[in-house]
Number of protein chains: 2
Amino acid sequence: MNNFIFQNPTKLVFGKGQIAQLAKLIPADKKIMMTYGGGSIHKNGVYAQVKEALKNHNVAEFGGIEPNPEYETLMRCVAECREKEIDFLLAVGGGSVIDGTKFVAAALKWEGEPWDFLMKPLKVDQAVPLAAVLTIAATGSEMNKGSVVSRRELKEKRFFFSDACFPKFSILDPTVLYSLPKKQLANGVIDSFIHVLEQYVTFDNKAYIQDYWSEGILKTLVKVGPELMENQEDYDNCSNFMYAATMALNGFIVMGVAEDWATHMIGQELTALHGLDHGVTLAIVYPGVVKVMREEKAEKLLQYGERVFGITEGTADERIDKTIAATEDFFKSLGVKIKLSDYNIGDETIEEVARRFGERGYNLGEKGNITPAVIKQILNEVK
Amino acid sequence: MNNFIFQNPTKLVFGKGQIAQLAKLIPADKKIMMTYGGGSIHKNGVYAQVKEALKNHNVAEFGGIEPNPEYETLMRCVAECREKEIDFLLAVGGGSVIDGTKFVAAALKWEGEPWDFLMKPLKVDQAVPLAAVLTIAATGSEMNKGSVVSRRELKEKRFFFSDACFPKFSILDPTVLYSLPKKQLANGVIDSFIHVLEQYVTFDNKAYIQDYWSEGILKTLVKVGPELMENQEDYDNCSNFMYAATMALNGFIVMGVAEDWATHMIGQELTALHGLDHGVTLAIVYPGVVKVMREEKAEKLLQYGERVFGITEGTADERIDKTIAATEDFFKSLGVKIKLSDYNIGDETIEEVARRFGERGYNLGEKGNITPAVIKQILNEVK
């Protein structure tokens, strides 16, 4: 096991009816900005529940934060918060709304141009306190310190991390998933699944519990994902899925182990260039990564195949083939197409993605050996 | 999955050589009281490492905190801290030292007699900040908010919980286990193992990930426990054991599931009455609990047997028998005797334990159906 430092102060408030707890969770004297997305919270009843819980609080609102939250939108939110002297941010939405709200929280305390801390390795050590009411299970943003922000005019999608951006609390009521569009459900299952794989399918770290925990989340997603596509209003499956998504990226499974993240880094570029859903980019790129990196990852791919999909027959090579195929089949069982050509993406984009990483001058993967040339190979595998 | 609220703010600093981080982790202006036990830290080099790391800090010392930390001892520590105007407590030791230090931290801020918050359900909401350097893997106290304190003159062993008592940080260097007496190693493996069972072998909570995570810790302990009894200076096994012990009782595996704790509650009385090691009391009592509660716990016992010990053959009853036997064999493989008679404990004690619970007027177990009469039955099973 590698040396590590772990801390995650977010309070998780989980279960049916928990949105009502908001009244107690936010101090009465706070000036709250409630942020949200395209308005689905008006349809699913979450907006009404939040407003009811906070009826005695001072609450302003900022809606319209889009998927892959946009810098320009968020900077408008920053301006409104400044004007209203907001001192507490409440994100009501999925990963995009929460990520965007983290950015706003940090930008409000930042001196200078906030775009800088997305483009340069600058330390963000202050933020306005924020919390979340989760409406989409997927990114894990509700219990971590990361945020991803896009700037469409520059075709950039960038991230930052800050200890100051852990939500003070996050409320997870699994029943909000009952009315989620199927596409978002599928994307969320894939996003959570790949989060785990990025922290698990590397090499043997002699971290037995971390491996079992990763496999536990994967097995749960393999079970509940397809069942939810059939019947979304199942509390057991919704609660296990929502829990899985949070546990997949809150630091619990990554203590003392190596991390990959090549799939996310490459996928992020596909979103920046073509606006593809985040989950879709992951389902496309991941099979390419493991096909190209199969030797480096062999030991873990065999373990993943055996423990998650029960693949034990055949030579090592055959078992790895079966494991990659099972992974692809799982994504497809969620109704997602997993080839670049399905999205009319071809060689030009492959060249551009490789060029971007060449320009940035760093390689990807747990061993830092995924060069721009290897990135090209990976994307060619999934054309 | 049940509704739950989870929060654990402790920073975990894990790995070889991490004790040196102390200098950065404690603010320079703090007046520190370093607490420890019987002096093993002088032999294993931990004392020297702590003193070296804190050479520019203001550090007082209080040694001699005994296993099952004693109220009188801790109250002397409280007096010394008051006199020296201590504003930071650093526990260097195992669960007893950390538990004792949590009590001191809370007592320093308590108005009135601190014994009260051990005997009555009073809320402890303030404590002097504390942190830990762990030297024994066992209780999980390094990353939770609980504390157990004994008062020998009254033959009482009592606990309290407080959010204010989460350590600010805990340093876990697995190499400190290399020189731990075998008996403490065995007790620590059992303590961690039973912590998991108390949160896992109840009934089906439809919490799939929590089950997998519990089983992951159990499987890890079944592997590394006996190996460590053979060869203690194995970093992989020491780090996995130390990690297991912390994860077994930091709230991670208990989100949304029922809890038992009958074994701990009954075992605590055996320590109070006879001074038995905590780990030993658990190894004695647990088999009695599952033998008597086998019907209520059948579903989980079958799952535990299959997933942890690979028991799949035979009728349900036979598999439960095998599972209980495998559990007993595991404890014995660590060199621990698991019958009351091995410790010259007989009917008188059984009567007294039952009498005490009768007096307190509450039952034990995840369903609250372990009455004093059932407690008697349990102890008679393990005579």
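Residues numbered from 1 in each chain as written. Chains lettered and ligands numbered in written order. Predicted model: local features only at pLDDT ≥ 70, side-chain atom pairs only at ≥ 80, totals over all residues.

S.K.: I tried to follow the relation of the copies chain A and chain B on my own but got confused; where do I start?
M.R.: In this structure, two copies of a chain are linked by a rotation about an axis accompanied by a shift along it. For the pair chain A and chain B, the relating rotation is 180°, the translation along its axis is 0.0 Å, and the fit reaches an RMSD of 0.0 Å. Such values leave the two copies arranged in the relation of a two-fold axis. No C-alpha of chain A lies nearer the rotation axis than that of Pro9 of chain A, which sits 2.2 Å from it. When the interface residues of chain A are mapped onto chain B, 97% of them are again interface residues, pointing to one common binding face. (Least-squares fit on C-alpha atoms with pLDDT ≥ 70 in both. Contact = placed C-beta atoms within 7 Å.)

S.K.: Hey, could you run me through the packing of helix α7 (residues 182-200) of chain A against helix α8 (residues 208-230) of chain A in this one?
M.R.: Relative placement of two packed helices is described by the angle separating their axes and the distance separating the axes. Residue and element names in this part refer to chain A. At a minimum axis distance of 10 Å, the contact between α7 and α8 shows a crossing angle of 165°. The angle between the axes of α7 and α8 places the two elements in the roughly antiparallel class. Crossing hand, α7 versus α8: left-handed. Residue-level contacts link Lys182, Leu185, Ala186, Val189, Ser192, Phe193, Val196, Gln199 and Tyr200 of α7 to Asp211, Ser214, Ile217, Leu218, Leu221, Gly225, Leu228 and Met229 of α8. Here the contact of α7 with α8 is composed, by residue class, of 11 nonpolar, four polar and two charged. (Axes fitted to C-alpha atoms, helices over the stretch in contact; angles between N-to-C directions. Helix = DSSP H or I, 4+ residues; strand = E, 2+ residues; numbered from the N terminus. Parallel < 35°, antiparallel > 145°, perpendicular 65-115°, else oblique. Left-handed = near helix turned anticlockwise from the far one by under 90°. Nonpolar A, V, L, I, M, F, W, Y, C, P; charged D, E, K, R; others polar.)

S.K.: Sorry if this is basic, but what is going on with the pairing of strand β7 (residues 156-161) of chain B here?
M.R.: Within a regular beta strand, the side chains point alternately toward one face of the sheet and then the other, so they alternate between its two faces. Residues and elements named next belong to chain B. As paired strands, strand β6 (residues 146-151) and β7 are joined by six bridges and run antiparallel to one another. For Ser150, the partnering residue across the bridge sits in β7 and is Lys157. Linking two consecutive strands that pair antiparallel, namely β6 and β7, is a turn of four residues; a positive phi of about 50° is found at Lys155 within it. (Pairing = 2+ DSSP bridges.)

S.K.: Just checking my understanding: could you explain the interface of chain A and chain B for this structure?
M.R.: A common way to state how big an interface is: give the accessible area lost once the parts meet. Of the residues lining the interface, 34 residues belong to chain A; the matching set on chain B comes to 33 residues. Considering only residue class, the side of chain A that touches chain B consists of 18 nonpolar, 10 polar and six charged. In terms of strand pairing, strand β1 (residues 4-14) of chain A meets strand β1 (residues 4-14) of chain B through seven bridges, oriented antiparallel. If you follow Leu12 of chain A over to β1 of chain B, its bridge partner there is Phe6 of chain B.

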